[in-house]
There are 2 protein chains.
Amino acid sequence: MKASAIANLNIALVKYWGKRNKELILPKNSSISVTIEGLFSHTTVEFGEEYKDDIFVLDGKEFKRGSEEYDEYIEKFLNFVRQFSKINFRAKIVSKNNFPPAAGLASSAAGFAALATAINKALNLALSQTELSILARRGSGSATRSIFGGFVEWRKGVKEDGSDSSAVQIVPPDYWPDFRILICLTSKKEKKIKSRAGMEQTVKTSPYYRAWLATVDEDLKKAKKGILEKNFTLVGKTAEENCLKMHATMITTYPPIIYWNEGTIEVIRSVLNWREGGLETYFTIDAGPQVKILCKELDVSEVKKRLKNIKTLENTILARPGRGARITKRHLF
Amino acid sequence: MKASAIANLNIALVKYWGKRNKELILPKNSSISVTIEGLFSHTTVEFGEEYKDDIFVLDGKEFKRGSEEYDEYIEKFLNFVRQFSKINFRAKIVSKNNFPPAAGLASSAAGFAALATAINKALNLALSQTELSILARRGSGSATRSIFGGFVEWRKGVKEDGSDSSAVQIVPPDYWPDFRILICLTSKKEKKIKSRAGMEQTVKTSPYYRAWLATVDEDLKKAKKGILEKNFTLVGKTAEENCLKMHATMITTYPPIIYWNEGTIEVIRSVLNWREGGLETYFTIDAGPQVKILCKELDVSEVKKRLKNIKTLENTILARPGRGARITKRHLF
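Residues numbered from 1 in each chain as written. Chains lettered and ligands numbered in written order. Predicted model: local features only at pLDDT ≥ 70, side-chain atom pairs only at ≥ 80, totals over all residues. Heavy atoms only, no water.

(A) Spatial organisation of the relation of the copies chain A and chain B. For the pair chain A and chain B, the superposition axis carries a translation of 0.0 Å, the fit reaches an RMSD of 0.0 Å, and the rotation angle comes to 180°. These values place the two chain copies in the arrangement generated by a two-fold rotation axis. Both copies share a contact surface, since 100% of the interface residues of chain A are interface residues in chain B too. (Least-squares fit on C-alpha atoms with pLDDT ≥ 70 in both. Contact = heavy atoms within 4.5 Å.)

Below you can see the structure in the form of structure tokens.
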């Protein structure tokens, strides 16, 4: 009853921000993302009698009962797994990310996609990809999407039990080979506001949240059309506008949720200036200070050159559309 | 037919962003500001036969026909003055600000309040303060408020001709003697997007503009109550929330209007942290990168001390509620 899996993180082009059901992690709106190659969570899980309690080790650090990570994420998820699989063993989970944790790079998305995939194998559940995506959703909303590779839509669904709230692949990773994302790491510090608490506050207090929801369907339509047509301008423009709309609901939350730091602003302003000057780039930002620059492969070297002038940047990572979650034979323990 | 006047700039606590009538400069919503002492425009105007054309000199620089400042601001305003006063002379205007121009410090507010006040004297128009405030409005919306001292409301009015869109004093400057504003100059560079064009784009394109308008009346009520009761918490919280709502409509404008720079973000984040730690401060930001910190007099030295650690700040200016526009005998030419 031991298995390991790898799942890439994904970057949302049309964002998920706000739940309609907190317990089942059902979103207020559908979202679209691109799963990106090479930034992943590698997770090993083992169920067994020998474990008297669940054990969770992330990036070498053990999280114990009493920590939010253990109680709110891992334990809730494992209890749900035990309930629906009727397997009552405790589990040991060891997980490693090859990117800085909790820096707004949606580590929980890759983490729970990998964990769900590993559990499926370890417990012989024989879940389909759609079912896996529903399972991963119970750990973290955005994990729903990381099960699939390429460009992915998480359809919010309408059923109260969440059985239709799962992801589908729009196109596979090799459909659009010159689509690139440059991840700009502006800070390795842990972010202060977790998405889970943040989005709940936004739904409760932002006077703009209703307007956000009212415009998302149009963004989904445009993003999907852009992806299918490989229309970089349409995808980039839609993603950037959608990102700014999400951050506008965040900053109008009470108390204000401001994920941007000095580096974030500098990259945002640079991208806007470059575009005015003819270098077609767009940005998107999730619940953290990191900026992800969308560009075409042929512009990568120019963008990288220009990024060197931005002193508040610590590092950049070049990424392309990547594979979905998959089993690996390499165990972490 | 020569006179000079001085008018302080004002800082909006409930913002003005968007016109219902572009020609008459009638706002979509009422706004509230505090006129602040010591940052002012000093303006001399002379009408006379000797001027073959209008002349406009601001901070030592002459703006000629063909520039936006001349055509869109000064010339339109003087033509309106000549029309309603039936005085057909051309004029020379010399104006000096004691603060960096066009850096988001609402220089046009102080400038047109001073100009309207000087014209009233030069042409012997005998306008009341309310009429002066309506006249100043024709030059620049926020100038409407700088006619009055202390805390001021610009009532949007309902009439199509704008005759009821003028400012009133809520309380005089000495009503709340320990209210302080620390202006943080994060950049002396001229801002790229003029408010006039910016707000027009926002009204046209921001999906959040309607929600902005829907919440302003509540903010006006809270700010007024807070001012009358000298309730610093209520005024500060209302101003900060209102500012973030305005900037949220700006960033969701297409193309995005992002006035914040690295310094802006650093001050915003600092204020939020200080407040969490018990130092009661709030921020507000107008159409530029400068952050204005609201605080109580007894906290000024502590705030100043902490601001020294912010390296992206170039300068700070301490201000308090100030006088309205007034005639001065000191002519600039």
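From this point, the discussion proceeds with the structure in view.
(B) Just helix α6 (residues 209–228) of chain A, in detail. Residues and elements named next belong to chain A. When the terminal C-alpha atoms of α6 are compared, their 29 Å separation across 20 residues agrees well with the 28 Å that a helix rising 1.5 Å per residue should span. The largest bend along α6 reaches roughly 35° and is located at Val 216. Residues Tyr 209, Ala 211, Trp 212, Thr 215, Val 216, Asp 219, Leu 220, Ala 223, Gly 226 and Ile 227 constitute the buried set of α6. Elements in contact with the buried residues of α6: β1 (2–14), β4 (31–48), β8 (151–155), β9 (166–171), α5 (195–205) and α7 (232–251). Among the residues trailing α6, Lys 230 stands out with phi positive, at a value near 50°. (Helix = DSSP H or I, 4+ residues; strand = E, 2+ residues; numbered from the N terminus. Expected span 1.5 Å × (residues − 1). Bend = angle between axes of the 7 residues up to and from the residue. Buried < 20%, exposed > 50% of the residue type's maximum accessible area, 1.4 Å probe, protein only.)

(C) Spatial organisation of the sheet that holds strand β13 (residues 315–319) of chain B. All names here are of chain B. Spatially, β11-β12-β10-β13 is the arrangement adopted by the 4 strands of the open sheet, whose pairing is antiparallel. Looking at strand neighbours, the two that pair on one side only are β11 (282–284) and β13, the edges of this open sheet. Going from strand to strand, the sheet's axes swing by 25° on average, the running direction of each strand aside. Of the pairings in the sheet, the one linking strand β10 (residues 179–185) to β13 comprises 5 bridges and is antiparallel in character. Among the inter-strand pairings, Cys 184 is bridged to a residue of β13, identified as Thr 316. On top of the sheet, helix α7 (residues 232–251) reaches β10, β11 and β12 (291–296); it is set at about 40° to β11, its chief contact. (Pairing = 2+ DSSP bridges. Axes fitted to C-alpha atoms, helices over the stretch in contact; angles between N-to-C directions.)

(D) The confidence of the model for chain A, seen in detail. The pLDDT averaged across chain A works out to 94; a share of 96% of its residues lies at or above 70. Interface scoring of the predicted complex returns ipTM 0.91; its pTM is 0.94. (pLDDT = per-residue confidence, 0-100.)

(E) Structural context of the sheet that holds strand β10 (residues 179–185) of chain A. Residue and element names in this part refer to chain A. Sheet architecture is open: 4 strands sit in the order β11-β12-β10-β13, paired in antiparallel fashion. If you trace the sheet from one side to the other, it starts and ends with β11 (282–285) and β13 (315–319), each paired once. Neighbour to neighbour, the strand axes of the sheet diverge by 25° on average, direction disregarded. Both β11 and strand β12 (residues 291–296) contribute to a ladder of 4 bridges, which runs antiparallel. Bridge pairing links Phe 283 to Ile 293 in β12. Across the sheet, α7 is in contact with β10, β11 and β12; its angle to β11 comes to roughly 35°.

(F) Main features of the pattern of salt bridges. In total, this model carries 48 salt bridges over all chains according to the counting rule given. The shortest N-O distance in the salt bridge between Lys 221 of chain A and Glu 218 of chain A comes to 4.0 Å. In this pair, Lys 221 of chain A and Glu 218 of chain A are both assigned in helix α6, 3 residues apart and thus about one turn of the helix distant. The closest approach of N and O atoms between Glu 200 of chain B and Lys 204 of chain B, which form a salt bridge, is 3.8 Å. (Salt bridge = Lys/Arg side-chain N within 4 Å of Asp/Glu carboxyl O.)

(G) Layout of the packing of helix α1 (residues 68–85) of chain B against helix α2 (residues 107–122) of chain B. Residues and elements named next belong to chain B. Where α1 contacts α2, the two axes come as close as 12 Å, and the packing angle between them is 30°. In this view, α1 runs roughly parallel relative to α2, as classed from their interaxial angle. Classified by chirality, the crossing of α2 by α1 is right-handed. Residues Tyr 73, Ile 74, Phe 77, Leu 78 and Val 81 of α1 pack against Phe 112, Leu 115, Ala 116 and Ile 119 of α2. Considering only residue class, the contact of α1 with α2 consists of 9 nonpolar, no polar and no charged. (Parallel < 35°, antiparallel > 145°, perpendicular 65-115°, else oblique. Left-handed = near helix turned anticlockwise from the far one by under 90°. Nonpolar A, V, L, I, M, F, W, Y, C, P; charged D, E, K, R; others polar.)

(H) Examining the pairing of strand β5 (residues 55–58) of chain A more closely. All names here are of chain A. Of the strand pairs in this sheet, β5 and strand β7 (residues 90–97) are connected by 4 bridges, and their pairing is parallel. Looking across to β7, one finds that Phe 56 is bridged to Ile 93. Remark: 2 residues form the turn of the hairpin made by β5 and strand β6 (residues 61–63), two consecutive strands paired antiparallel; Asp 59 in that turn has positive phi of roughly 50°.

(I) View of the packing of α6 of chain A against α7 of chain A. All names here are of chain A. In contact at an axis separation of 9 Å, α6 and α7 are set at 160° when each is read in the N-to-C sense. Taken together, the axes of α6 and α7 lie roughly antiparallel to each other. As α6 runs across α7, the sense of the crossing is left-handed. Taken together, the residues of α7 that come into contact with α6 (itself represented by Tyr 209, Trp 212, Thr 215, Asp 219, Lys 222, Ala 223, Lys 225, Gly 226 and Ile 227) are Leu 234, Val 235, Thr 238, Glu 241, Asn 242, Lys 245, Met 246 and Thr 249. Residue composition of the contact of α6 with α7, grouped by class: 7 nonpolar, 5 polar and 5 charged.

(J) Region of the structure containing the state of the cysteines. Residues and elements named next belong to chain B. A full pass over the atoms with the stated rule returns 0 disulfides over all chains. With no disulfide of its own, Cys 243 lies 13 Å from the sulfur of Cys 184, the closest cysteine sulfur. Note on Cys 243: relative accessible area 0%, which makes it buried. (Disulfide = S-S within 2.5 Å.)

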